[in-house]
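Inside the fold
What follows is each chain in one-letter form.
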Amino acid sequence: MKKLFTMFLLLLAVTQIYSQKKNSETRQFIDNAEITQINKDWNVKAEFRSGLGEVLSFFPVEAIDLKSNNKIKALQMDMTVIYQIAGRNFNYFKSSWIDLDEIDEFVLFIEQYVIPNLKDKTEKKQSTTYIFNSREITFSFNIEKTSRRVSIYLKDNGITDNEHYFWTETQVGKIPELLTMLKEIK
């Protein structure tokens, strides 16, 4: 009887681990629909640009399964970054989504950990990093001496893409605009 109970608990634990959501519900919704319409609201957006010409945009979307007429709302993030292979530049573009149920945590993260520390400095040979993880992105805010950096990493099936990511030091001052936009779509 103990062996049966132990096997049951092991099976339950393994099932729980593998049933965790790895991609956003929005991506799953889009991937599972045969025909999809995505309405983007470009009036409400936050945008970051790097000195290399890379662009990161956040904006609200509504995805519609045209066969079932089911709808889902989310925050879409489009990222275009530049990478090099053999001395040649290439553009990498990807869209990711933050589900509406993750936006409250994102707002809280920015309000409590990023905005109050926008002007912070660290001592020599020290740094502080604040990290927000959603199902499809990792948002990192790093402070080192007097410089501050925002880095955005994308995820696919829970795996972070460390090769294609966006970062900026000059656009950190735009974080309050991102916060305002996030509050508008909630």
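In what follows, the structure referred to is the one given above.
So, how was this worked out
In this convention, every chain numbers its residues from 1, walking through the sequence in written order. Reporting in this predicted model follows two pLDDT cut-offs: at least 70 for local features of residues, and 80 or more for side-chain atom pairs to be given and counted; totals over whole chains, interfaces and linings ignore these cut-offs and use all residues. Side-chain metrics rest on all non-hydrogen atoms present in the structure, leaving aside hydrogens and water. A pair of strands is labelled paired if DSSP reports no fewer than 2 bridges between them. Numbered from the N terminus, helices here are DSSP runs of H or I no shorter than four residues, and strands are runs of E no shorter than two. Here an axis means a line fitted to C-alpha atoms, over the contact stretch when the element is a helix, while the angle between two N-to-C directions is reported on a 0 to 180 degree scale. Roughly parallel here means an angle under 35 degrees, roughly antiparallel means over 145, roughly perpendicular means 65 to 115, and every remaining angle is called oblique. Left-handed is the label given to a crossing in which the near helix is rotated counterclockwise from the far helix by less than a right angle, and right-handed is the label when the rotation is clockwise. Note on contacts: a residue pair qualifies if any of its non-hydrogen atoms lie within 4.5 Å across the two residues. Nonpolar residues are Ala, Val, Leu, Ile, Met, Phe, Trp, Tyr, Cys and Pro. Charged residues are Asp, Glu, Lys and Arg, and all others, Gly as well, are polar. Note on aromatic pairs: the rings of Phe, Tyr and Trp (six-membered ring only in Trp) are paired at centre separations within 6.5 Å, and the planes decide the class, stacked below 30 degrees, edge-to-face beyond 60, tilted for the rest. Relative accessible area decides the class of each residue, using a 1.4 Å probe on protein chains only: under 20% of the type maximum gives buried, over 50% gives exposed, and in between gives partly exposed. Counted as over-ring charges are cases with an Arg CZ or a Lys NZ within 6 Å of the ring centre that also lie within 35 degrees of the ring normal. Should a side-chain nitrogen of Lys or Arg be within 4 Å of a carboxyl oxygen of Asp or Glu, the pair is scored as a salt bridge.

Side chains on a regular strand alternate between the two faces of the sheet. Bridge count between strand β4 (residues 71-85) and strand β5 (residues 88-99): 12 bridges; the pairing is antiparallel. Counterpart to T80 in the pairing with β5 is F93. Where β4 folds back onto β5 in an antiparallel hairpin, the turn is made up of 2 residues, including A86, whose phi is positive at roughly 50 degrees.

Angle between the axes and distance between the axes: these two values describe a pair of packed helices. Packing of helix α3 (residues 100-114) against helix α4 (residues 175-185) leaves a shortest axis separation of 10 Å and a crossing angle of 150 degrees. Classed by the angle they form, the pair α3 and α4 counts as roughly antiparallel. Our pair here, α3 against α4, has a crossing hand that is left-handed. The segment α3 lies against α4, with I103, F106, V107, I110, E111 and V114 engaging I175, L178, L179, L182, K183 and I185. When grouped by side-chain class, the residues that make up the contact of α3 with α4 number 10 nonpolar, no polar and 2 charged.

Here the focus is the pairing of β4. Strand direction decides the pairing type here: strand β3 (residues 55-65) and β4, joined by 10 bridges, are antiparallel. Within β4, the residue paired with L56 across the bridge is M79. Between β3 and β4, which pair antiparallel and follow one another directly, the connecting turn spans 5 residues, one of which, N69, has a positive phi of 65 degrees.

With that out of the way, let us pick up the packing of aromatic side chains. This model, assessed by the stated rule, comprises 12 aromatic pairs. Pairing F106 with F132 gives two aromatic rings, centres 4.6 Å apart and planes at 15 degrees, and the pair type is stacked. Of this pair, F106 sits in helix α3 while F132 sits in strand β6 (residues 127-133), and the two are 26 residues apart along the sequence. Among the residues examined, F132 registers a relative accessible area of 7% and is labelled buried. Ring plane angle 40 degrees and centroid distance 6.2 Å describe the contact between F109 and Y113, whose orientation is recorded as tilted. A residue pair is termed a helical-turn pair when its members lie 3 or 4 positions apart in one helix, as F109 and Y113 do in helix α3 at 4 residues. On the basis of relative accessibility, which here comes to 39%, the residue Y113 falls in the partly exposed class. Put simply, the rings of F48, F58, F106, F109, Y113, Y130, F132, F139 and F141 touch in pairs and so form one group of aromatic residues. Here the basic side chain of R149 rests over the ring of W167, its NZ or CZ set 3.9 Å away from the ring centre.

Looking now at the pattern of salt bridges. Using the criterion set out here, one finds 10 salt bridges in the structure. One salt bridge connects K67 with E34, and the closest N-O pair in it is separated by 2.7 Å. Here E34 lies in the loop between α2 (25-32) and β1 (36-40) and K67 lies in the loop between β3 and β4, a separation of 33 residues in the sequence. Both residues of the pair, K67 and E34, count as exposed. E47 is the partner of K45 in a salt bridge, and the nearest nitrogen-oxygen pair spans 3.4 Å. Through salt bridges that share partners, D99, D101, E102 and R135 make up one connected network.

Another aspect to go through is the environment of L75. Note on placement: L75 falls in strand β4. Between the C-alpha atom of L75 and that of S96, which follows or precedes it by 21 residues, the distance is 8.5 Å. Setting aside its immediate chain neighbours within four residues, L75 contacts F58, F59, P60, S96, W97, I98, I103, M181, L182 and I185.

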